[in-house]
Amino acid sequence: MVLILHVLITAIAVWATTLLPGVELEGGSTGARLGTLLVVAVIVGLVNAVLKPVAKTVGCLFYLLTFGLIGLVVNGLLFMFASWIAQQFGLPFSVSNFWSAVLAGLIVSIVSAVLYSVTRKVIKS
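From a predicted model like this one, the values you see are computed outputs, not experimental measurements. (Residues numbered from 1 in each chain as written. Predicted model: local features only at pLDDT ≥ 70, side-chain atom pairs only at ≥ 80, totals over all residues. Heavy atoms only, no water.)

A few words on the overall build of the protein. Within the protein, the regular secondary structure consists of 5 helices and 2 strands. Along the protein, helices and strands appear, N-terminal first, in the series α-β-α-α-α-β-α. Taking 2.2 N^0.38 as the reference for a compact globule, 125 residues should give roughly 14 Å; the C-alpha atoms of the protein span a radius of gyration of 15 Å, in line with that estimate. Buried positions account for 34% of the 125 residues belonging to the protein. Across the protein, every contact between residues at least 6 apart in sequence was considered, and the portion connecting residues at least 24 apart equals 72%. (Helix = DSSP H or I, 4+ residues; strand = E, 2+ residues; numbered from the N terminus. Rg over C-alpha atoms; globule rule 2.2 N^0.38 Å. Buried < 20%, exposed > 50% of the residue type's maximum accessible area, 1.4 Å probe, protein only. Contact = heavy atoms within 4.5 Å.)

For the rest of this paragraph, the subject is unusual backbone geometry. Even without being glycine, F67 reaches a positive phi, approximately 55°. Assignment of secondary structure puts F67 in the loop between α3 (60–65) and α4 (70–88).

Here we take up the packing of helix α2 (residues 30–58) against α4. At a minimum axis distance of 9 Å, the contact between α2 and α4 shows a crossing angle of 135°. Classified by the angle their axes make, α2 and α4 are oblique. By crossing handedness, the relation of α2 to α4 is classed as right-handed. Residues V40, I43, V44, V47, N48, L51, K52 and A55 of α2 lie in contact with α4, whose contacting residues are V74, N75, L78, F79, F81, A82, I85 and A86. Looking at side-chain class alone, the contact of α2 with α4 contains 13 nonpolar, 2 polar and 1 charged residues. (Axes fitted to C-alpha atoms, helices over the stretch in contact; angles between N-to-C directions. Parallel < 35°, antiparallel > 145°, perpendicular 65-115°, else oblique. Left-handed = near helix turned anticlockwise from the far one by under 90°. Nonpolar A, V, L, I, M, F, W, Y, C, P; charged D, E, K, R; others polar.)

What follows concerns helix α1 (residues 2–17). For α1, built from 16 residues, the straight-helix expectation of 22 Å at 1.5 Å per residue is met to within 8% by its first-to-last C-alpha distance of 23 Å. Looking at α1, one finds that the buried residues are I9, T10, A11, A13, V14, A16 and T17. Residues of α1 that are buried sit in contact with β1 (23–25), α2, α4, β2 (93–95) and α5 (98–124). (Expected span 1.5 Å × (residues − 1).)

Moving on to α2. The end-to-end C-alpha distance of α2, which contains 29 residues, comes to 40 Å, matching closely the 42 Å that a straight helix rising 1.5 Å per residue would cover. In α2, a bend of some 35° at L51 exceeds every other bend along the element, and P53, a proline, comes one to four places later. In this structure, the buried residues of α2 make contact with α1, β1, α4 and β2. (Bend = angle between axes of the 7 residues up to and from the residue.)

A separate point is the environment of I70. Mapped onto the fold, I70 is located in helix α4. Here I70 falls in the partly exposed class, since its relative accessible area comes to 25%. Sequence-wise, I70 and G59 are 11 residues apart; in three dimensions their C-alpha atoms are separated by 8.7 Å. Here I70 is in contact with F62 and Y63, once residues within four sequence places are set aside.

In terms of nonpolar packing, the biggest core is built from 25 residues, with V14, V40, I43, F79 and F93 touching the most fellow members. Where this core is concerned, the elements lending two or more residues are α1, β1, α2, α4, β2 and α5. Excluding anything up to four places from it in sequence, F79 contacts T17, V44, F93, V95, A101, A104, G105 and V108. (Core = buried A, V, L, I, M, F, W, Y, C linked by side-chain atoms within 4.5 Å.)

Shown next as structure tokens:
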């Protein structure tokens, strides 16, 4: 149940990024778009689960030197990589440039954090 909740929250966060210029979600029907969002959310989750700890470990010194600001760049690169993987699977989701990916990664982080905190409070009560 928790895994499904995480995928849904990530899908909502990815949907929020599609409102930004440079992040495109194409597709016909609403159902097709929702399906694409769910698959992209799984891809984003897997990329973050596998590659983010590696990037943090390898780039530990850069995180310290930049007071964590390099994390924005890492999030952007991971979001671009997730977009590339989605395109390899034929999904109509794309990120046009690096700065759009950095902003999208920031939006996903913020929206996910807010939704996780809200749902955590609801689940506990």
